[in-house]
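Observations on the model geometry
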Amino acid sequence: MDKIKSSEITPERVYLSRRDFLKSMGIVSASAAVLAACGPAANATADATLNPTEAPAMESEAPAATAQATTDELGDPLNSFEDITNYNNFYEFTTDKQRVAKLATDFRTSPWEVQVGGLVNNPKTYSIDDLRKFEAEERIYRLRCVEAWSMVIPWFGFPLHKLLAEVEPKSEAKYVRFETLYDKEQFPGQKTDIWYQWPYVEGLRMDEAMNDLTLMATGLYGKDLLPQNGAPIRLVVPWKYGFKSIKSIVKIDLVAEMPTSLWMAAAPQEYGFYANVNPNVDHPRWSQATERRIGELGRRASIMFNGYEEEVAHLYDGMDLSANY
Ligand SMILES: Nc1nc2c(c(=O)[nH]1)N[C@H]1C(S)=C(S)[C@@H](COP(=O)(O)O)O[C@H]1N2
Ligand SMILES: [Mo]
């Protein structure tokens, strides 16, 4: 995965000047509209631009989205910034993927703290500025939702193992438990969607957490994360179904026992702890053999460990992969 290690992000001023150039050519909003019309975000974008009084503000706020690469290591093109920021699973806001972005507009991501503790020698509460001091890099990852759709996303962030090294896990620590912000005022779903046990919780086994692919993402397309993607910081575990990649994290604990995730609590027969992408094991209610890549017509074959078999298959040596959904 040389591509990933050597990646270097273009400074923001380069994007800005490029954007100013495009703007002077009068093609920024036009090209954005064309991109959106090709993807599932068409409705959301159309709604947002229907009101002409909102259009100028939206344009000046719209980030100049640029990534180093144009494809992942398999040659698949990146999904557009519009797709990635307008088609989201974030049940704290709504279960309607095309309404998350709008509901998340005013979400407060500053100040923000992440408490890291549990079975560690150096527990520490990190401000988001502290977390931004970890050297960040661009990582192009496929995101494969358990619902059988997928995207290719240029994340920006740092490997979780760098953070764990700082807090020094004790030898009794066997798992890492992550928790999303609990705030009923800002997350309408936490108030109304009583089916779920809030806050959202996820977990990884220690060796999964230490794997170099496991990313703490603070940005995508060279910009800070938007709230709908889990601002200001979220986990990205590319070989597992998307629900493992928990958003808007406020707490990370090193623990001895396997944590119970929100999805294990809600439907244990459908969502297991490991949740590795596996086209050979169907979800109880649908096939996992194929997926819909957002922006593409038709379906494509899903791949074992979402294409990261070489990096992670060894973590599961001796485990019955047909049994641990
Ligand atoms: N806190 C929280 N994290 C979450 C979710 C959620 O509802 N709440 N949804 C998950 C699911 S099912 C997926 S597929 C991904 C989607 O990430 P994206 O919207 O950035 O593409 O986020 C995951 N992380
Ligand atoms: Mo998902």
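All of these numbers come straight from a predicted model, not from anything done at the bench. (Residues numbered from 1 in each chain as written. Chains lettered and ligands numbered in written order. Predicted model: local features only at pLDDT ≥ 70, side-chain atom pairs only at ≥ 80, totals over all residues. Heavy atoms only, no water.)

Moving on: the overall build of the protein chain. When you go through the protein chain residue by residue, the secondary structure sums to 13 helices and twelve strands. Every one of the 325 residues in the protein chain was classed for burial, and the buried ones make up 53%. Partitioning the intrachain contacts of the protein chain with sequence separation of at least 6 by distance along the chain shows that 71% fall at a separation of at least 24. Carbon and sulfur atoms make up 53% of the accessible area of the protein chain, which totals about 15,100 Å². (Helix = DSSP H or I, 4+ residues; strand = E, 2+ residues; numbered from the N terminus. Buried < 20%, exposed > 50% of the residue type's maximum accessible area, 1.4 Å probe, protein only. Contact = heavy atoms within 4.5 Å. Areas by Shrake-Rupley, 256 points an atom, 1.4 Å probe, with all protein chains shown as cover.)

Turning our eyes to something else, we now look at the pattern of salt bridges. Counted by the stated rule, this structure contains 18 salt bridges. Across the salt bridge formed by Arg139 and Asp212, the nearest N and O atoms sit 3.3 Å from each other. Of this pair, Arg139 sits in strand 3 (residues 137-144) while Asp212 sits in the loop between helix 11 (206-210) and strand 7 (215-220), placing them 73 residues apart in sequence. Here Arg139 falls in the buried class, since its relative accessible area comes to 2%. On the accessibility criterion, Asp212 (32% relative accessible area) is partly exposed. Salt-bridge contacts for Lys240 lead to Glu208; the nearest nitrogen and oxygen are separated by 2.7 Å. Taken together, the residues Lys240 in the loop between strand 9 (234-236) and strand 10 (249-255) and Glu208 in helix 11 connect sequence positions 32 residues apart. On the basis of relative accessible area, Glu208 is assigned to the buried category, the value being 0%. One salt-bridge network, held together by shared partners, links Asp76, Arg144, Glu291, Arg293, Glu296 and Arg300. (Salt bridge = Lys/Arg side-chain N within 4 Å of Asp/Glu carboxyl O.)

Taken together, the buried positions of helix 9 (residues 160-167) are occupied by Leu160, Leu163, Leu164 and Val167. Relative to the axis of helix 9, the buried residues are bounded by an arc of 100° and lie together on one face. In the stretch just after helix 9, Glu168 is the one whose phi turns positive, near 55°. (Arc of directions from axis to C-beta.)

Note that Thr214 resides in the loop between helix 11 and strand 7. According to the relative accessible area criterion, Thr214 is buried, its value standing at 0%. Aside from chain neighbours lying at most four places away, what touches Thr214 is Phe158, Pro159, Leu160, Leu204, Glu208, Ala209, Leu235, Val236, Val237 and Trp239.

What follows deals with the environment of Tyr241. One can find Tyr241 in the loop between strand 9 and strand 10. Under the relative-accessibility criterion, Tyr241 is labelled buried at 1%. A sequence separation of 30 residues divides Tyr241 from Tyr271, and the C-alpha atoms of the two residues are 9.6 Å apart.

Bringing the side chain of Glu138 into the picture now. Within the fold, Glu138 resides in strand 3. With no salt bridge to any partner, buried Glu138 finds its closest opposite charge in Arg139, at an N-O distance of 10.0 Å. A distance of 2.9 Å separates a polar atom in the side chain of Glu138 from the backbone nitrogen of Gln68. Within polar-contact distance, the side chain of Glu138 engages the backbone nitrogen of Ala69 at 3.4 Å. (Lys, Arg positive; Asp, Glu negative; His and termini not counted. Polar contact = N/O pair within 3.5 Å; in protein donor to acceptor, adjacent residues only side chain to side chain.)

What follows deals with the layout of surface pockets. Of the pockets and cavities examined, the second largest pocket occupies roughly 450 Å³. Taken together, 27 residues make up the lining of the second largest pocket; nearest its centre are Asn89, Phe90, Tyr200, Gly242 and Phe243. Take the lining of the second largest pocket: its biggest share by element is four residues, from strand 4 (residues 149-159). Here the lining of the second largest pocket is built from residues that sort into 17 nonpolar, six polar and four charged. (1 Å grid on protein atoms, 1.4 Å probe; cavity = no way out; pocket = protein on both sides within 12 Å on 5 of 7 lines; lining within 4 Å. Points joined across faces, edges and corners; volume = space filled by probe spheres on them. Nonpolar A, V, L, I, M, F, W, Y, C, P; charged D, E, K, R; others polar.)

A word on the pairing of strand 2 (residues 124-127). Pairing between strand 1 (residues 113-118) and strand 2: four bridges, direction antiparallel. Residue pairing in the sheet places Gln115 in a bridge with Thr125 of strand 2. As consecutive antiparallel partners, strand 1 and strand 2 are separated by five residues. (Pairing = 2+ DSSP bridges.)

The environment of ligand 1 is formed by 16 residues, the closest being Asn88, Tyr91, Glu92, Ser245 and Lys247. Asn88 places a polar side-chain atom, nitrogen or oxygen, 2.9 Å from an oxygen atom of ligand 1. At a separation of 2.8 Å, a nitrogen atom of ligand 1 approaches a polar side-chain atom of Glu92. Coverage of ligand 1 by the protein amounts to 99% of the 540 Å² it exposes when considered alone. Placement of ligand 1 is best described as lying within the second largest pocket. (Near = heavy atom within 4 Å. Sits in = over half its atoms within 2 Å of the grid points.)

Nothing here speaks to function; it is all geometry.
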